[in-house]
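# Summary of structural features
Each chain is listed here by its residues.
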Amino acid sequence: MHSIIENIGLQFGPGAAWLLTSTMIFLRFAIPTSLAFLLVYKWKRKEWFAWKIQQRFPKSAQIRQEISYSLLTSLLFGGMALGVFFLRKMGYGQLYFEVAEYGWVYWVFSLAFLIVAHDTYFYWMHRLMHHPKLYRRFHLVHHKSTNPTPYTSFSFHPLESVLEFAIIPVLTLVLPVHAAAFFLFTLWSILFNVLGHTGYEISPSGFTRHRLFKWLNTPTHHNMHHHQARFNYGLYFNFWDRVMGTNHPEYDQYFEEVVERTGKTPQSKSPVPLRQQITKAAAMVAFLLCSSVASGQMSLDDIKEGNYGTPEYRTQQVDSLMRLGLALRQDQLPKVHDINLRSAKRVEEEVITPKLSDWSKYRRLSKIQNDKDKEMKAVLNATQFEKYAVKRDELFWKGIQDFFF
Ligand SMILES: [Zn+2]
Ligand SMILES: [Zn+2]
């Protein structure tokens, strides 16, 4: 292949050689990426939905942007590869082709060293990229993909592509690396990156707590980084994030939540739509009312007038509503969006403090919920709001179940 590039370069000029190298690099990225994409986003889209880390699919505009940036990145990587190639021709660079030159032990060491060195370099460069100024100017391109796909793995601002991967050609200039070890390293890097961006989790439960495996990053780890643009900066290993305390505090827990979904029955693989939940809840309310009437707890006139139940019965309802309110306050609000403490306070003031005493208060609670949704919509972005809404609905459903059973 080297001589082909050289011949093309000699015959058609360096531009043609650059284009050829870039095309090769792009194809090496695009083939596994597109296969992964077709498999999980097209062919097995429904079947494997339970394995999807974020329970929704990204918009096609995001994917188009990722592919455009990947083409740009490939051109830059092609330039870098060609640079290394010509430097080597000029007598610089340490790429070698005979294993016997340094032996097998060194061969294995050099491969391991490339991986560890790149991991370390990437972690620190990535953290630097999260500096507000650099983030807005460069790293935001990669973070536009809040719900990453395999194509996200090459989707960087051109300058960032060069910075994040520059260490590799530089290393081959100073460290003797066998061509096959170098090839394996790039293969590992591409596959790990693609897997980390697929948006699907395949590791088994307990992986992130295992003595050995916990040191390896999972797709969920990097997915959380894309979703929240905070924590989890590492690339291959979960070493620097652990040492520097930058792992997401709920990483293990969230990972288990994701993995747990895959073990459930097909029916529960996709989230229950809100409309269905409301229908179920309404059916239960009707059932409750009918059974209350039948058991003599309230008369039809009571229902017409809005007197839903005996005082003892209402106390029970109030307790459950209090629990629902408390759950809203304690579990949902701080976890889903730590930014909106004002709403948490409002739920506390309006739901908990006034001591709910009857169904009109329950209606007030739903009004508060609606108002809160409006507020949330104003302060959260679409992704955050969706996450908040899913949690709210889960909690609503749980509250209803607690309430009636
Ligand atoms: Zn990423
Ligand atoms: Zn980042």
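This text follows the structure it describes.
Being a predicted model, the structure only gives us computed values, none of them experimental.

## Some thoughts on the nonpolar core
Among the nonpolar cores identified, the biggest contains 11 residues, and these are A36, F37, V40, Y41, I53, Y151, V194, Y200, F255, V258 and V259. Residue contributions to this core peak at four residues, all from helix α2 (residues 14-43). In contact with Y151, other than residues within four places in its own chain, are T33, F37, I63, E66, I67 and S70. F154, F156, F165 and I168 belong to the second-largest nonpolar core, a separate cluster that totals eight residues.

## A short note on α2
An α-helical turn contains 3.6 residues, so a residue and the one three or four places further along point in the same direction. In this model, α2 (30 residues) spans 41 Å end to end at C-alpha, consistent with the 44 Å of a helix rising 1.5 Å per residue. Buried within α2 we find A17, T21, S22, I25, F29, T33, A36, F37, V40 and Y41.

## Some thoughts on the packing of helix α4 (residues 104-129) against helix α7 (residues 167-174)
With their axes 11 Å apart at the nearest point, α4 and α7 run at an angle of 135 degrees to one another. Classed by the angle they form, the pair α4 and α7 counts as oblique. Judged by the sense of rotation from one axis to the other, the crossing of α4 with α7 is right-handed. Residues L114, A117, H118 and Y121 of α4 form the contact with α7, whose participating residues are I167, I168 and L171. Taken together, the residues that form the contact of α4 with α7 break down as six nonpolar, one polar and no charged.

## Let's talk about the environment of F165
Of note, F165 is situated in helix α6 (residues 158-165). A sequence separation of 43 residues divides F165 from F122, and the C-alpha atoms of the two residues are 7.9 Å apart.

## Topic: the packing of α2 against helix α3 (residues 60-89)
Running from N to C, α2 and α3 cross one another at 125 degrees; their axes reach a closest spacing of 8 Å. One element, α2, and the other, α3, form an angle in the oblique class. Here the hand of the crossing between α2 and α3 comes out right-handed. Of the residues in α3, those touching α2 at A17, W18, T21, S22, I25, F26 and F29 are S70, L71, S74, L75, F77, G78, G79, A81 and L82. For the contact of α2 with α3, the per-class residue count stands at 10 nonpolar, six polar and no charged.

What counts and how
- Residues numbered from 1 in each chain as written.
- Chains lettered and ligands numbered in written order.
- Predicted model: local features only at pLDDT ≥ 70, side-chain atom pairs only at ≥ 80, totals over all residues.
- Core = buried A, V, L, I, M, F, W, Y, C linked by C-beta atoms within 7 Å.
- Buried ≥ 20, exposed ≤ 12 C-beta atoms within 10 Å, placed from the backbone.
- Helix = DSSP H or I, 4+ residues; strand = E, 2+ residues; numbered from the N terminus.
- Contact = placed C-beta atoms within 7 Å.
- Expected span 1.5 Å × (residues − 1).
- Axes fitted to C-alpha atoms, helices over the stretch in contact; angles between N-to-C directions.
- Parallel < 35°, antiparallel > 145°, perpendicular 65-115°, else oblique.
- Left-handed = near helix turned anticlockwise from the far one by under 90°.
- Nonpolar A, V, L, I, M, F, W, Y, C, P; charged D, E, K, R; others polar.

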